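Each chain, written out:
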Amino acid sequence: MSTPRGFALSQMELRSFDRGFSTRCHVQKPDRYRLLEALPGDVQRITRGSGVSYVGASFAADSVVQDLGAFDRLLELDADQGLLTVEAGARIGDVQRFALARGWMLPVAPGHPQASIGGCIAADVHGKNPARDGTFRRHVEALELFDTARGWMVASADENPERFAACFAGFGVPGLIASATLRMVPAPAAYSLRNVAVASLVEAAEVLRTHAGAPMLYGWHDGRPAQFGRGVIRFGLEAQEKTRTSRNVAADLPGMIEPWSLCAWNRAGIGVMNRWIERRYRRNSSERVSVEAAMFPLNEARRYFAAFGKDGFVEAQWLLPHARYSEFVVALGEEVKRSRPRISLIASKLFDGDADGLAFDGKGIALAIQLPQPRHASQAAFIERMTELALAHQGRPNLIKESSLQADAARRGIPDFDAARERLRRFDPAGLQVSELTRRLSL
């Protein structure tokens, strides 16, 4: 793209967290609101928070990337009502630490502590038990937005409600989110995490449903053919007293992990990792951990992500309706035995929401399946077959997770995809808000 004139830009190589996409971009790094306004109204753009999305959701080669890293202030706290107003560039980990120190917390947080609040809204992320707490939209009271045509505006359920709703899983299309007022809940002193061993993904679903009301609820599973689905369901109960034995949270996961020169997740490496998970969790029935440690388990995963190597990884995340889930996992297990892909890890979660727009929500069981070297022929072929299996069983894809997902699969997996796209584009009729994600999925 030609360099727009009249404001400062730098050129940077930007890359998705899964290393599936990278490109050189023009980046604006404003530190004043007037500099946000200075970008000419007809320039193609996209907003970037921390840049930790697995996919290219915050950059594109021919879009000006508006980096909101300087807009990270915590603006106002209503300690009586539990309302916290923050700028969109604030990191979720910093927000949680600030709130926890005052007896509050956000019940929904993604695994990466450096995810920005604006990114959490744009992706409508889920947390550690979406069946109980829903997605991020449930915990946002109001937004302040900048629209290139209309200027600054407030959006909430009462004021500009259609645009407010469109911002969640809107992937930046409805406009630049500048700040948000968040609705918090009282925080426990700690969590008592309990581990339930399961022999299969079908059994995992039963355990997840049994513990649907737990504040923390998710599973980790083996993806190898002979052990497919074997794993542990972790559910956390609130503890009212802190304890000296609580495991403290590790330092925040970096925004970009330096990869090892070679991929360690070959068959031997995956076997070693799954045996370690079994020793740590299946054989330890419970542990007491701090709220922050429970919220951000990825802080302990530096070597896991580095071990994918320079080729990166892909995470395919699908939400299967309860009625089709068991049939799907049986079919998936048969495909795994047939094609023997290298699956580094499978995670499971319970959902009990309503599918709306492009959001990853609904009623069912979600499986997140991570694979190394997704562009290798055998791995790519398995991803394609898994996608077809999920679609055949009415699976719903998580658009913010899988960088190999194409527009046709997204449209088939989200029944009202075209209607949701048209609702989004009413707020950006000129098509100025463009990222690799929105272009790849024809949003």
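Details of the structure are given in the entry above.
Residues numbered from 1 in each chain as written. Predicted model: local features only at pLDDT ≥ 70, side-chain atom pairs only at ≥ 80, totals over all residues. Heavy atoms only, no water.

1. Quick look at the overall build of the protein
Alright, step 1. For the protein, the helix and strand inventory stands at 14 helices and 19 strands.
Alright, step 2. Taken over the C-alpha trace, the protein has a radius of gyration of 21 Å; the compact-globule value for 443 residues is 22 Å, and the two agree within 12%.
Alright, step 3. Taken along the three principal axes of its C-alpha coordinates, the protein extends 60 × 50 × 40 Å.
Alright, step 4. Each of the 443 residues in the protein was classed as buried or not, and the buried ones make up 58%.
Alright, step 5. A total of about 17,900 Å² of accessible surface is found on the protein, and carbon and sulfur atoms cover 49% of it.
Alright, step 6. Of the charged side chains in the protein, 57 are positive and 50 negative; the average position of the first set lies 7 Å away from that of the second. (Helix = DSSP H or I, 4+ residues; strand = E, 2+ residues; numbered from the N terminus. Rg over C-alpha atoms; globule rule 2.2 N^0.38 Å. Buried < 20%, exposed > 50% of the residue type's maximum accessible area, 1.4 Å probe, protein only. Areas by Shrake-Rupley, 256 points an atom, 1.4 Å probe, with all protein chains shown as cover. Lys, Arg positive; Asp, Glu negative; His and termini not counted. Charge placed at Lys NZ, Arg CZ, Asp CG, Glu CD.)

2. Some words on the nonpolar core
Alright, step 1. Ile117, Ile121, Phe136, Val140, Leu143, Leu182 and Leu358 are the most contacted members of the largest nonpolar core, which totals 103 residues.
Alright, step 2. Counting 21 residues, the second largest nonpolar core, distinct from the first, contains Tyr54, Trp220, Trp265 and Met273. (Core = buried A, V, L, I, M, F, W, Y, C linked by side-chain atoms within 4.5 Å.)

3. Looking at the pattern of salt bridges
Alright, step 1. Applying the stated criterion across every chain, the model contains 26 salt bridges.
Alright, step 2. A salt bridge links Arg132 to Asp133, with the nearest nitrogen and oxygen atoms 3.2 Å apart.
Alright, step 3. In this structure, the salt-bridge partner of Glu315 is Lys401, at a minimum N-O distance of 3.9 Å. One end of the pair, Glu315, is in strand 16 (residues 313-321); the other, Lys401, is in the loop between strand 19 (396-397) and helix 12 (407-413), and 86 residues separate them in sequence.
Alright, step 4. Residue Glu315 is classed as buried on the basis of its relative accessible area of 5%.
Alright, step 5. Take Lys401: its relative accessible area is 21%, and that puts it in the partly exposed class.
Alright, step 6. Look at the salt bridges and you will find they share partners, linking Asp94, Arg97, Asp252 and Glu292 into a network. (Salt bridge = Lys/Arg side-chain N within 4 Å of Asp/Glu carboxyl O.)

4. Things to note about the side chain of Lys349
Alright, step 1. You can see Lys349 is positioned in strand 17 (residues 345-352).
Alright, step 2. We note that Lys349 is buried and unpaired, the nearest opposite charge coming from Glu315 at a distance of 8.0 Å.
Alright, step 3. In terms of polar contacts, Lys349 uses its side chain to reach the backbone carbonyl oxygen of Gly127, at 2.8 Å.
Alright, step 4. Residues within four places of Lys349 in sequence aside, it is in contact with His126, Gly127, Lys128, Pro130, Leu208, Leu217, Tyr218, Gly364, Ile365 and Ala366. (Polar contact = N/O pair within 3.5 Å; in protein donor to acceptor, adjacent residues only side chain to side chain. Contact = heavy atoms within 4.5 Å.)

5. Remarks on the layout of surface pockets
Alright, step 1. In this structure, the second largest pocket encloses a volume near 360 Å³.
Alright, step 2. In terms of lining, the second largest pocket is formed by 20 residues, of which the most central are Ile383, Glu402, Ser404, Leu405 and Gln406.
Alright, step 3. Broken down by secondary-structure element, the contributors of at least two residues to the lining of the second largest pocket are strand 16, helix 11 (377-392), helix 12 and helix 14 (436-440). (1 Å grid on protein atoms, 1.4 Å probe; cavity = no way out; pocket = protein on both sides within 12 Å on 5 of 7 lines; lining within 4 Å. Points joined across faces, edges and corners; volume = space filled by probe spheres on them.)

6. Structural notes on the packing of helix 6 (residues 201-210) against helix 10 (residues 322-339)
Alright, step 1. Running from amino to carboxyl end, helix 6 crosses helix 10 at an angle of 150 degrees, the nearest separation of the two axes being 9 Å. Put simply, helix 6 runs roughly antiparallel to helix 10. Here helix 6 contributes Leu201, Val202, Ala205 and Arg209 to the contact with helix 10, which in turn contributes His322, Tyr325, Ser326 and Val329.
Alright, step 2. Counted by class, the contact of helix 6 with helix 10 contains 5 nonpolar, 2 polar and 1 charged residues. (Axes fitted to C-alpha atoms, helices over the stretch in contact; angles between N-to-C directions. Parallel < 35°, antiparallel > 145°, perpendicular 65-115°, else oblique. Nonpolar A, V, L, I, M, F, W, Y, C, P; charged D, E, K, R; others polar.)

7. Here's the deal with the packing of helix 10 against helix 11
When two helices pack together, their arrangement is given by the angle between their axes and by how far apart the axes lie.
Alright, step 1. At a closest axis distance of 10 Å, the pairing of helix 10 and helix 11 adopts a crossing angle of 160 degrees. The orientation of helix 10 with respect to helix 11, classified from their angle, is roughly antiparallel. For the crossing formed where helix 10 meets helix 11, the hand is right-handed. Facing Arg324, Phe328, Ala331, Leu332, Glu335, Val336, Arg338 and Ser339 of helix 10, the residues of helix 11 in contact are Phe382, Arg385, Met386, Leu389, Ala390 and Ala392.
Alright, step 2. Partitioning the contact of helix 10 with helix 11 into residue classes produces 9 nonpolar, 1 polar and 4 charged. (Left-handed = near helix turned anticlockwise from the far one by under 90°.)

8. Some words on the environment of Met256
Alright, step 1. By the element assignment, Met256 lies in the loop between strand 14 (231-239) and helix 7 (267-282).
Alright, step 2. Judged by its relative accessible area of 35%, Met256 falls in the partly exposed class.
Alright, step 3. Between the C-alpha atom of Met256 and that of Val196, which follows or precedes it by 60 residues, the distance is 33 Å.

9. Some points on helix 2 (residues 92-100)
Alright, step 1. For helix 2, every residue scored as buried is listed here: Ile92, Gly93, Val95, Gln96 and Ala99. With its buried residues spanning 160 degrees around the axis, helix 2 presents them on a single face.
Alright, step 2. Buried residues along helix 2 sit in contact with strand 5 (74-78), strand 6 (83-87), strand 7 (104-105), helix 3 (117-123), strand 10 (176-183) and helix 8 (291-295). (Arc of directions from axis to C-beta.)

Coordinates in, geometry out; function isn't part of it.
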